[in-house]
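# Results of the structural survey
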Amino acid sequence: MMTFFKKFFGLTAGLLCMGLAKADEGMWLPQLLESLNEKRMQQLGMKISAKDIYDINKGSLKDAIVSFGGFCTGEVVSEKGLVLTNHHCGFESVQKHSTLDKNYIRDGFWARNGAEELPNAGLYVTFIVRIDDVSDQVLKGVSRQMKEPERQSIVDRNISALKKATKLGNSENVLISPFFEGNKYYLFVTETYTDVRLVGAPPSSIGNFGQDSDNWMWPRHTGDFSVFRIYAGKNNQPAEYSPDNVPYVPKKALTISLKGMQQDDFTMVFGFPGRTTEYLPSEAVRQIMEVNDPAKILVRDRTLSVMNRYMRANEELKIKYASKYAGIANAWKKWQGEILGLKRTDGLQKKLQYEAAFQKRLDASDLLKARYGLTLRDLNNAYKAIEPYALTRDYYLEITSKIELFSIIKKLRTLKAATGKPGYEKELAKQLESLTELYKNLSIDVDKDIFSALLPLYMEQQASYIAPVSRQQFEQYGNDYQRWAGALYAGNFFLDASKVLKGATSDPSEIFRYFETDPAAKLIIGMTDLYDMEIAPRLNELQARINGLQRDYMKAQTEVFTDRSFYPDANSTLRVGFGKVDDYKPADGIAYNYYTYLDGVMEKYKPGDYEFDVPEKLRQLYQKKEYGRYGVKNPAGGYRMPVCFIASNHTTGGNSGSPVLDANGQLVGINFDRVWEGTMSDISYDASICRNIMVDIRYVLFLIEKYAGAGHLIREMKLAHAIPGSRK
Ligand code: ARG
Ligand code: GLU
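Residues numbered from 1 in each chain as written. Chains lettered and ligands numbered in written order. Predicted model: local features only at pLDDT ≥ 70, side-chain atom pairs only at ≥ 80, totals over all residues. Heavy atoms only, no water.

### As for the nonpolar core
Selection criterion: Residues enter a nonpolar core if they are buried and are Ala, Val, Leu, Ile, Met, Phe, Trp, Tyr or Cys, with the set joined through side-chain atoms within 4.5 Å. The buried label applies to any residue whose accessible area, calculated with a 1.4 Å probe on protein chains only, is under 20% of its type's maximum; exposed applies above 50%, and partly exposed to all values in between. By the criteria applied, helices consist of DSSP H or I runs no shorter than four residues and strands consist of E runs no shorter than two, each listed in order from the N terminus. Contact definition: two residues touch when any of their heavy atoms are within 4.5 Å.
By size, the foremost hydrophobic cluster in this structure holds 212 residues, and its most contacted members are Met268, Tyr699 and Ile704. Here this core gets 18 residues from one element, more than from any other, and that element is helix α24 (residues 519–560). Look past the residues within four positions of isoleucine 704 in its chain and what remains in contact with it is Trp110, Phe225, Val227, Gly709, Ala710, Gly711, Leu713, Ile714 and Met717. Val129, Val134, Val155 and Val189 belong to the second largest nonpolar core, which has 12 residues in total.

What follows is the structure in structure tokens.
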């Protein structure tokens, strides 16, 4: 394994420093920064060492970083466990505490003291205690010739043995994840705190300013942050919520810098990016651009346009559907940017060129040729073979998940499957809660129209991919989607919230009987069965083949391009991205600056608008230029308030809430988005237009102190004084 390790990481560090990597692409492993990236980072301006970032022997920056709820990142900024993350990451907590007369979503929320901080059942934060390379142990007994299932069962067995053998502290957990498509495995010792309380959040008109119109866009003016606090039990250990718990004392809290950033300043983002696919073959990239993204976009186009029609006409529906709309629109908009970015940067062409160079070098070596000569060809072919199944999967998943009548039936079927088994009560409580939530925000008219807008996309597929029951029903209702929808929705039992919720508690078997008689139930069950029996098995078989080939291809790339450093695809584990503050030119004739200011918020301000309203208090602070120590000199005279900035850090979903650190490792911003034209960085990073978007920490502190009047929180934090020799 050592030679393999060297091939992966060792040889390349020196070459990297020679400016080979002009871009700052990559989501790097914190434990390998010292051997792989430190020189390059310092060359870009970093003044600290890799050990300051990750060290298992003493407190390092990594001890201030948490996975926030498993879907976002957060950072500890005080000795009393104060955590910063995004507004959109804390949103669910804010929403759950909101009522009509305490509308925290609309008005914001600020605890004036510890007693007012609000507990959040189910929310947790996870620290990484240490990371170990366990590739040798996990891959013991595995060979390249093995079939995937056999290999997987050996790997699984090794992993569980290793987990058992790992010595853990009282409250520690262990996690083992594959990297480089399963060529490497790392073990993570983690510590999870489950008493995480809401401390503060700005109103949505600040925290989500610009909403869907500005989402994935630059220039941006969103104060996308919220504040939480970790509580601990005795000895500072994790503990379930209790009023007796006390603020957690961290191993490390970040220091905050108020100096601000300028063009080309070094930045790094430390967090938990979710998923990227940077090593796909050209055929897979082509399919994303031409097949999968367009199909998913189409389903969502139709869904959003139905929702939009109703939301515009009806204030109540606007509230009910706002959050669903935002969720559906988020990926929908991202995929469009992804296609655009891939086109503008010739993403497919670049892949083809890369593959040609790969094959040429490979073929020049008898040894490599013997091992991997056909790998790339086979991988591209396997992707060709999976195309129709993957498209059917996309349609099936996208369509069925947008129709809430189907969701209701699916939840009840899950309940049925749990009947008589241990844990049923828990499952019942879970499904009741989620059904109650669903019914609260459901409009039968909207759902029915979504049904008739989406079913054509299902029915227009190749005959063998369509459930027989759907064809039969469609015919029965005169091949007319509206009539079909009308018949299914009229008086449908599953749409009767009170009957379903009561029945589920008292005698669920009554409900389950409708699975056999209700046409909507028969339809979704038929669609699901066809998918599970005809599509999924074929898909899984091809996917297993792809996984094996993709693993070989990954390894082959590292053996062919020994002059290049490779980073593993994102997999929700802790990573470091680094780059520099940088403007960009998204298209001919357009140049974007790298900073935005409060003046821009006021330019976008539309009184009463649901996306671009500005709270009165903020307008007053702007009028009086009451920015305290957070404002900066305006070249045009007076002071101005920085709001957001962009840099070339390679980030993805899950990096939301990640701290953005400067050359000294001090906190200068919170990551929350990427620019639209650069969202293809999940597949093909391009330094010319890939930018992450951050809210400036000075805007965050200004809002906490001047807007929310929560100066006591600022006093908990450690603000850096100017560092000798640095810019004023
Ligand atoms: N685009 C950002 C992220 O995935 C922010 C999403 C939340 N904001 C919104 N307006 N929907 O994921
Ligand atoms: N908003 C994203 C998130 O929720 C981060 C933006 C991105 O995908 O880069 O994690």
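Let us keep going from here.
### As for the site of ligand 2
Quick note on the threshold: For this description, a residue counts as near a given molecule or strand if any of its non-hydrogen atoms is within 4 Å of it. Polar contacts, as counted here, are pairs of nitrogen or oxygen atoms within 3.5 Å of one another; within protein the pair requires one atom able to donate a hydrogen and one able to accept it, and residues that are adjacent in sequence qualify only if both atoms are side-chain atoms. Only Asp, Glu, Lys and Arg are considered charged, only Ala, Val, Leu, Ile, Met, Phe, Trp, Tyr, Cys and Pro nonpolar, and every remaining residue, Gly among them, polar.
Around ligand 2 sit His88, Trp216, Thr651, Thr652, Gly653, Gly654, Asn655, Ser656, Phe672, Asp673 and Arg674, and that is every residue in its neighbourhood. One of the side-chain nitrogen or oxygen atoms of arginine 674 is found 2.6 Å away from an oxygen atom of ligand 2. Sorting elements by how many residues they give to the shell around ligand 2 places strand β22 (residues 667–674) first, with three residues. In the shell around ligand 2, the residues fall into two nonpolar, seven polar and two charged.

### Quick notes on the site of ligand 1
Quick note on the threshold: Here the open area of atoms and residues is found with the Shrake-Rupley method and a 1.4 Å probe, where only the protein chains shown may cover a residue.
Around ligand 1, a shell composed of His88, Asn208, Gln211, Asp212, Asn215, Trp216, Asn330, Phe672 and Asp673 is seen. One of the side-chain N or O atoms of asparagine 208 is found 3.4 Å from a nitrogen atom in ligand 1. Isolated, ligand 1 exposes 330 Å² of accessible area, and the fraction of that covered by the protein chains is 85%. Residue assignment for the shell around ligand 1 shows that the elements contributing at least two residues are α11 (211–214) and β22. Residues belonging to the shell around ligand 1 are distributed by class as follows: two nonpolar, five polar and two charged.

### Remarks on the packing of helix α17 (residues 404–418) against helix α23 (residues 508–517)
Each pair of packed helices gets described by two things: the angle between the helix axes and the distance between those axes. Going by this rule: Between N-to-C directions, angles span 0 to 180 degrees; the directions come from axes that are lines fitted to C-alpha atoms, helices contributing only their stretch in contact. An angle counts as roughly parallel when it lies under 35 degrees, as roughly antiparallel when it exceeds 145, as roughly perpendicular when it falls between 65 and 115, and as oblique in every other case. Crossing handedness: left-handed means the near helix sits turned counterclockwise from the far one by under a right angle, and right-handed means the same turn made clockwise.
Closest axis-to-axis distance for the α17/α23 pair is 10 Å, and the angle between their directions is 120°. For the element pair α17 / α23, the angle class is oblique. Taken as a pair, α17 and α23 cross one another with a handedness that is left-handed. On α23, the residues touching Ile409, Leu412, Arg413, Leu415 and Lys416 of α17 are Ile511, Phe512 and Phe515. Each residue belonging to the contact of α17 with α23 can be placed in one class, and the counts come to six nonpolar, no polar and two charged.

### Section: the confidence of the model for the protein
Cut-off, in case you're wondering: For every residue, the predictor assigns a confidence score, pLDDT, that lies between 0 and 100.
Counting all residues, the mean pLDDT for the protein is 94, and 96% of those residues have values of 70 or more. This stretch, residues 723–728, has a pLDDT under 50; its non-local contacts, to residues over four places away or in other chains, come to eight contacts.

### Points about unusual backbone geometry
Tryptophan 218 connects to proline 219 through a cis peptide bond whose omega is 0°. If you check the backbone angles, asparagine 235 has positive phi at about 60° while not being a glycine. Residue classification places asparagine 235 among the exposed positions, given a relative accessible area of 70%. Despite not being glycine, asparagine 479 has its phi angle at roughly 50°, a positive value. In this fold, asparagine 479 is placed in the loop between α20 (468–476) and α21 (481–489).

### A short note on the pairing of strand β8 (residues 184–193)
This is how the line gets drawn: Here, strands pair whenever DSSP counts at least two bridges between them.
Here β8 lies mainly inside the structure; nine of its 10 residues are buried. Bridge count for strand β6 (residues 125–133) against β8 is eight bridges, and the pairing is antiparallel. Residue pairing in the sheet places threonine 126 in a bridge with threonine 192 of β8. Two elements, strand β7 (residues 172–179) and β8, share eight bridges in a ladder whose sense is antiparallel. Of the residues in β8, the one forming a bridge with asparagine 173 is threonine 190. Count of turn residues in the β7/β8 antiparallel hairpin: four residues, of which phenylalanine 180 carries a positive phi of about 50°.

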